Amino acid sequence: MPPTKRVCVLGSGNWGSTAARIIGNNVLRLPDFDDRVNIWVYEELVNGRKLTEIINTQHENVKYLPGHRLPDNVTAVADAREAVRGATHIVVVIPHQFVQDLLATIRGTVDPGARAISLIKGIAISSEGMTTMTQIIHRALGIPVASLSGANIADEIAEEKYCETTIGCRDAADAAAWRSLFDTSYFQVNCVADVVGVEFCGALKNVVAVGAGFIDGLGLGNNTKAAIIRIGFLEMRRLAMHLSGAQIQDATFMESCGMADVITTCYGGRNRRLAEEFVKTGKRMSQLEQELLNGQKLQGYLTAGEVYSYIESRGIAEHFPLFTNIYQICYQGRHPRSIFDGLNVDFSRDAATPTPTPAPNHHHHNH
Ligand SMILES: NC(=O)c1ccc[n+]([C@@H]2O[C@H](COP(=O)([O-])OP(=O)(O)OC[C@H]3O[C@@H](n4cnc5c(N)ncnc54)[C@H](O)[C@@H]3O)[C@@H](O)[C@H]2O)c1
Ligand SMILES: O=P(O)(O)OC[C@H](O)CO
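Quantities reported herein were computed from a predicted structural model and do not represent experimental measurements.

**Q** Can you help me understand the overall build of the protein chain in this one?
**A** Scanning the protein chain from terminus to terminus reveals 14 helices and twelve strands. Taking 21 Å as the expected radius of gyration for a compact globule of 367 residues, we find that the protein chain reaches 20 Å, a close match to that expectation. Taking all 367 residues of the protein chain together, 59% fall into the buried category. By sequence separation, contacts in the protein chain at least 24 residues apart represent 72% of the contacts at least 6 residues apart. Accessible surface for the protein chain amounts to roughly 15,300 Å². Of this, 49% is attributable to carbon and sulfur atoms.

Structure representation (structure tokens):
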């Protein structure tokens, strides 16, 4: 039987390239899947050469994932419509600020029977309020969309250091297919049915990462950072519960996408690192992003702005003092030390919904 399925990865940054490396290796042992994996590259010149050409000849994304070979069956394509044509499994992994433009480009080209998964960590503000990436992708393409998020710093995964991740997918057969594409001995997938819970965790932890970077920039210690992690985690849960109408399972926060990602991001991520520089240099986040990241993008300070505009417009900012302080430090010139203002919030009644004991490896069936 010839393979009937084909993967396209939309995005070739640090995480997109790492994900393509995993998938490119995995499809070689999956008989249903075509060996060829297209990766859409936002074309640019690197030392005078097109990045697509470099990837297709050197099999390395020298700009966004230097030092790691991509499998030969991963093919870089500059035209997103061409990359996605014929794909049954579409992996969306670009910085969240660019997703609308990409979706507008590929709308109409995507096979109606295809499935997508979002690896993006970000949210969007629309006239309806706040929407998640899977919601935006589903509305644009009309296909089922799963989410993947976890304690996943891409460079460490490219080095094949053991970690876990969480896939949110309601359909069991789809979840099994996504797992087969991503799971490796060093990248352990756990599937849950709570699609938006997984992605709210991934998006909101980036705001906490900014707070953790401020603590490092102020030269404060581990206890202080642990306090910011704890309060940030509880504000994440409070906001995610509010936004989803309490549809999110409390158990999702205990998956890799929840507490584990908050930890790794507050110690190792780019958002943390540049927030530390923000305190030390007094430069704006956008300027530091341009100066220090060589084309990589931050999600945290943008998400802090999106979160604040939502909680402020709904009159609920007082229930999120840490998110509010982080926003005001980023955008309104408040001193980073004001991060501690008003943090004595009572979260004790937030987890009012009892969480059922999950069965091993498949939880959450109440959707
Ligand atoms: N890097 C990680 O460790 C990591 C881990 C997990 C999740 N994520 C998430 O994955 C998503 C993608 O991040 P990444 O790390 O792969 O990217 P990146 O920040 O490393 O690179 C930025 C990418 O955006 C592209 N780009 C620049 N301008 C563009 C435009 N106008 N339109 C479309 N693309 C444009 C660049 O070509 C590049 O591929 C983000 O939401 C991020 O939070 C990243
Ligand atoms: O480098 P960051 O701050 O974008 O974080 C990377 C990943 O999201 C960590 O899981």
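**Q** Just checking my understanding: could you explain the site of ligand 2 for this structure?
**A** Contacts to ligand 2 come from Lys 121, Gly 150, Ala 151, Asn 152, Ile 153, Lys 205, Asp 261, Thr 264, Thr 265, Gly 269, Arg 270 and Asn 271. Between Arg 270 and ligand 2, the recorded distance is 2.7 Å, taken from a backbone N or O atom to an oxygen atom. Considered on its own, ligand 2 offers 300 Å² of accessible surface; in the complex 92% of this is hidden by protein. Among the secondary structure elements, those contributing two or more residues to the shell around ligand 2 are helix 10 (256-268) and helix 11 (270-281). Counting contributing residues per domain, the shell around ligand 2 is built from domain 1 (5-193) and domain 2 (197-340), each supplying no fewer than three.

**Q** I'm lost on the UniProt feature "binding site: substrate" (unreviewed entry) in the protein chain in this one. Help?
**A** In this structure's numbering, the residues bearing the UniProt feature "binding site: substrate" (unreviewed entry) are Lys 121, Arg 270 and Asn 271. For the annotated residues, spread through 151 residues, the largest C-alpha to C-alpha distance comes to 13.0 Å, consistent with a single compact locus. As for its placement among the helices and strands, Lys 121 is situated in the loop between strand 7 (115-118) and strand 8 (123-126). Sequence-distant contacts of Lys 121, that is, excluding residues within four places in its chain, are made with His 96, Ser 149, Gly 150, Gly 202, Ala 203, Lys 205, Asn 206, Asp 261 and Gln 299.

**Q** Teacher, can you tell me more about the nonpolar core here?
**A** Counting residues in hydrophobic clusters, the biggest one holds 56 residues, and the most contacted among them are Phe 214, Met 285, Ile 311, Phe 323 and Ile 326. Sorting elements by how many residues they give to this core places helix 8 (residues 195-217) first, with twelve residues. For this core, the two domains that each supply at least three residues are domain 1 (5-193) and domain 2 (197-340). When near neighbours in sequence (up to four residues on either side) are disregarded, Phe 214 contacts Ala 275, Phe 278, Val 279, Met 285, Ile 326, Ile 329, Cys 330 and Ile 339.

**Q** Honestly, the sheet that holds strand 11 (residues 163-168) in this entry has me stumped. Any pointers?
**A** Sheets are built from strands that pair by backbone hydrogen bonding, the pairs being arranged parallel or antiparallel. Spatial ordering of the open sheet is given by 5-2-1-6-7-10-11-12, a layout of eight strands whose pairing is mixed. At either margin of the open sheet sits one strand with a lone partner, and together these are strand 5 (74-77) and strand 12 (187-192). Along the sheet, successive strands turn relative to each other by an average axial angle of 25 degrees, direction set aside. Of the pairings in the sheet, the one linking strand 6 (residues 89-92) to strand 7 comprises four bridges and is parallel in character. Bridge pairing links His 89 to Arg 115 in strand 7. Across the sheet, helix 1 (residues 14-27) lies against strand 1 (5-10), strand 2 (33-40), strand 5, strand 6, strand 10 (145-149) and strand 12, angled at about 170 degrees from strand 2, the strand it touches most.

**Q** Is there a simple way to think about the packing of helix 13 (residues 300-313) against helix 14 (residues 321-331) in this case?
**A** For any two helices packed against each other, one specifies the crossing angle of their axes together with the interaxial distance. Between helix 13 and helix 14, whose axes approach to 9 Å, the crossing angle comes to 120 degrees. Classed by the angle they form, the pair helix 13 and helix 14 counts as oblique. For the crossing formed where helix 13 meets helix 14, the hand is left-handed. Contact with helix 13, carried on its side by Tyr 301, Leu 302, Ala 304, Gly 305, Val 307, Tyr 308 and Ile 311, involves Phe 323, Thr 324, Ile 326, Tyr 327, Gln 328, Cys 330 and Tyr 331 of helix 14 and no other residues of that element. Residue composition of the contact of helix 13 with helix 14, grouped by class: eleven nonpolar, three polar and no charged.

**Q** Would you explain the pattern of salt bridges in this entry?
**A** Think of it this way: side chains of opposite charge can pair up when their charged atoms draw near. This structure, assessed with the given rule, holds 17 salt bridges. Lys 63 is the salt-bridge partner of Glu 44, the closest N and O atoms lying 2.7 Å from each other. Linking Glu 44 in the loop between strand 2 and strand 3 (45-46) with Lys 63 in the loop between helix 2 (51-58) and strand 5, this pair joins segments that are 19 residues apart in sequence. Neither Glu 44 nor Lys 63 differs from the other in exposure class; each is buried. Put simply, Asp 261 and Lys 121 hold a salt bridge, and the shortest N to O gap is 2.9 Å. Placement of Asp 261 in helix 10 and of Lys 121 in the loop between strand 7 and strand 8 is noted, with a sequence separation of 140 residues between them. The residues Asp 261 and Lys 121 share a single accessibility class, namely buried. What emerges from the salt-bridge pattern is a single network uniting Asp 216, Lys 225, Arg 272, Glu 276 and Lys 280.

Calculation notes
Residues numbered from 1 in each chain as written. Chains lettered and ligands numbered in written order. Predicted model: local features only at pLDDT ≥ 70, side-chain atom pairs only at ≥ 80, totals over all residues. Heavy atoms only, no water. Helix = DSSP H or I, 4+ residues; strand = E, 2+ residues; numbered from the N terminus. Rg over C-alpha atoms; globule rule 2.2 N^0.38 Å. Buried < 20%, exposed > 50% of the residue type's maximum accessible area, 1.4 Å probe, protein only. Contact = heavy atoms within 4.5 Å. Areas by Shrake-Rupley, 256 points an atom, 1.4 Å probe, with all protein chains shown as cover. Near = heavy atom within 4 Å. Polar contact = N/O pair within 3.5 Å; in protein donor to acceptor, adjacent residues only side chain to side chain. Domains from an automatic or database assignment. UniProt positions renumbered as here; feature names shortened; annotations may be inferred. Core = buried A, V, L, I, M, F, W, Y, C linked by side-chain atoms within 4.5 Å. Pairing = 2+ DSSP bridges. Axes fitted to C-alpha atoms, helices over the stretch in contact; angles between N-to-C directions. Parallel < 35°, antiparallel > 145°, perpendicular 65-115°, else oblique. Left-handed = near helix turned anticlockwise from the far one by under 90°. Nonpolar A, V, L, I, M, F, W, Y, C, P; charged D, E, K, R; others polar. Salt bridge = Lys/Arg side-chain N within 4 Å of Asp/Glu carboxyl O.

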